[in-house]
Amino acid sequence: MRSITVLSGGIGGARFLQGLLHAIDTGALPGVAPDAVVTVVTNTADDLWVHGLKVCPDLDTVMYTLGEGIDPERGWGRREETWSVREELAAYGVEPTWFGLGDRDVATHLVRTQMLEAGYPLSAVTTALCRRWLEPVHGERVRLLPMTDDRVETHVAVADADSPSGTRVVHFQEYWIRMRAEVPAETVVVVGLDRAAPAPGVVEAITGADLVLVPPSNPVVSVGTILGVPGVRDALVGTDAPVVGLSPVVEGQHVRGMARQLLTAIGVEVSAAGVGLHYGARSQGGVLDGWLVDTGDAGDLAALEAAGLRAAAVPLMMTSPEATAAMVAAAVDLVAR
């Protein structure tokens, strides 16, 4: 294998990618060339405009993580960050106060916004930013692509007794950061998704890959939005590459984020089997060939295999690059049988 494509969200996807690259570098993946190219198709439906700046949380988290600039404790934002700009904006009473931009991080958003306003598409802007972050560390063997150049935004409907309709719609980032996902999500609405087009290179990265991996990112607002871009699902169904996913749910609980709230909102069972069946087997009209669950969910294997998925149970906690590399090796082994 010389070409691997990963459909990624933010923090979980970035950590998975660290493990993937570690596995390639250490020769832990039989059949995968040491110079294999990894292409990352990243969710952009979490993007938003803050203080006039275009912010792409998932793209930046993957870029900073793989470029060794991420804050390792938070898992997002820049290492050794300061917050003078946020403090000054708060002193002026400028909203949103719940979404803070670090001083070092602001530079990325300034460059991105200037390039977008000059007419460059997001994919070209991302390539330019990655020349600083990815090329010095990985050369040309890691490519980062936004799922689309078009504006797509995820919104969440929540109950609001003061609204005439009884419902209020907030941006996903507000639901996650300000509300901490503590209010039940009634509906997830991804504005602009049905009119979006895959960014240049996205379809080709899927159809031309030797292996496609779906990491344990949020199945609704990370992987789900990528799959919702017209043409992406068709590319997955039609690719000659095996497609393997890893469960973000372990023993009925999401590992990180708010998968439980959002899966419940779209009527999907919060379990390893529930998510695997939600994606579905390619042989049955879905998008996966294989699905890994945690060892604690081994009881789900029979239902998954009955639905046409190759399935196996392995440890799925990304506690270190080595542990994550073992997860990647299990994914490769699953489709190499």
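Everything numeric in this text was worked out from a predicted model, so none of it was measured. (Residues numbered from 1 in each chain as written. Predicted model: local features only at pLDDT ≥ 70, side-chain atom pairs only at ≥ 80, totals over all residues. Heavy atoms only, no water.)

**Structural notes on the state of the cysteines**
Applying the stated criterion across every chain yields a total of zero disulfides. Of all cysteine sulfurs, the one in cysteine 130 lies closest to cysteine 56, which takes part in no disulfide; the gap is 11 Å. Accessibility expressed as a relative area gives 7% for cysteine 130, which makes it buried. (Disulfide = S-S within 2.5 Å. Buried < 20%, exposed > 50% of the residue type's maximum accessible area, 1.4 Å probe, protein only.)

**Topic: the packing of helix α4 (residues 103–117) against helix α5 (residues 122–133)**
In the contact formed by α4 and α5, the axes pass within 10 Å of each other and the chain directions differ by 140°. The orientation of α4 relative to α5 falls into the category oblique. In terms of crossing hand, the pair formed by α4 and α5 is right-handed. Here α4 contributes Thr108, Val111, Arg112, Met115 and Leu116 to the contact with α5, which in turn contributes Leu122, Val125, Ala128 and Leu129. (Axes fitted to C-alpha atoms, helices over the stretch in contact; angles between N-to-C directions. Helix = DSSP H or I, 4+ residues; strand = E, 2+ residues; numbered from the N terminus. Parallel < 35°, antiparallel > 145°, perpendicular 65-115°, else oblique. Left-handed = near helix turned anticlockwise from the far one by under 90°. Contact = heavy atoms within 4.5 Å.)

**Some thoughts on the sheet that holds strand β8 (residues 187–191)**
Pairing in this open sheet of three strands is antiparallel, and the strands run β7-β6-β8 from one edge to the other. Every interior strand has two partners, whereas the edge strands, β7 (167–171) and β8, have only one. For this sheet, the mean inter-axis angle between neighbouring strands, taken without regard to orientation, is 30°. Alignment of strand β6 (residues 153–159) against β7, held across five bridges, turns out to be antiparallel. Note on β7: the bridge partner recorded for histidine 155 is histidine 171. (Pairing = 2+ DSSP bridges.)

**Focus on the side chain of arginine 282**
Inspection of the secondary structure assignment puts arginine 282 in the loop between α12 (272–279) and β13 (290–293). A polar atom in the side chain of arginine 282 sits 2.8 Å from the backbone oxygen of leucine 236. Here threonine 239 takes part through its backbone oxygen, which lies 2.8 Å from a polar atom of the side chain of arginine 282. In this structure arginine 282 touches Leu236, Val237, Gly238, Thr239, Ala241, Pro242, Val243, Val287, Leu288 and Asp289, once residues within four positions along its chain are discounted. (Polar contact = N/O pair within 3.5 Å; in protein donor to acceptor, adjacent residues only side chain to side chain.)

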